[in-house]
Amino acid sequence: MNRREFLKTAVMTGAATIFPPVLTNLTAALYPDIAAATGNDPAKITLAAVNALGGMKRFISRGDIVVVKPNIGWDRAPEFASQHKPSRCGRSGEDVF
């Protein structure tokens, strides 16, 4: 390795370690960390909240393997929020595809 190749490699390595955190911080500043949505339709509420966070593409890339696991509590009433509504789970599954 000559001096020119060494310097080129050193500069490229330095740039690769400096710029990704900067780009990540800029992307994170565009979207909130938490979102809330209100309404009567669980599927629409879910879609609105995910869109407010930047959409499902912000969290999942094409080709990723995803498992949608609903909370299920058979011995609890829905008022205790121990289980998801089927329409909300369905909306999450549609967003992943």
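Up top is the structure.
Source: prediction; values computed, not measured.

## Some points on the overall build of the protein
Okay, so step 1: Within the protein, the secondary structure is distributed over three helices and zero strands.
Okay, so step 2: From first element to last, N terminus to C terminus, the protein shows the α and β order α-α-α.
Okay, so step 3: Buried residues in the protein amount to 15% of all 97 residues.
Okay, so step 4: For the protein, contacts bridging at least 24 residues in sequence account for 40% of all contacts bridging at least 6.
Okay, so step 5: Split by element, the accessible area of the protein, about 8,300 Å² in all, is 61% carbon and sulfur.

## Thoughts on helix α2 (residues 42-52)
Okay, so step 1: What α2 keeps buried is the set P42, A43, I45, T46, A49 and V50. What you see down the axis of α2 is that its buried residues fit within an arc of 160°, all on one side.
Okay, so step 2: Remark: G54 follows α2 within two positions and exhibits a positive phi of approximately 115°.

Conventions we followed
- In this numbering scheme, every chain counts its residues from 1 along its sequence in written order.
- Reporting of local features is limited, given that this is a predicted model, to residues whose pLDDT is at least 70; pairs of side-chain atoms are given and counted only at 80 or more, and all residues count toward the totals for whole chains, interfaces and linings.
- Note: side-chain values were computed over all heavy atoms of the structure, leaving out hydrogens and water.
- Strands here are runs of E lasting at least two residues and helices are runs of H or I lasting at least four, both read from the DSSP assignment and numbered beginning at the N terminus.
- Burial classes follow relative accessibility: with a 1.4 Å probe on protein chains only, a residue under 20% of its type's maximum area counts as buried, one over 50% as exposed, and anything between as partly exposed.
- We call two residues contacting when some pair of their heavy atoms lies within 4.5 Å.
- Areas reported here follow the Shrake-Rupley algorithm with a probe of radius 1.4 Å; residue values treat only the protein chains shown as occluding.
- Throughout, the arc means that of the directions going from the helix axis to the C-beta atoms.

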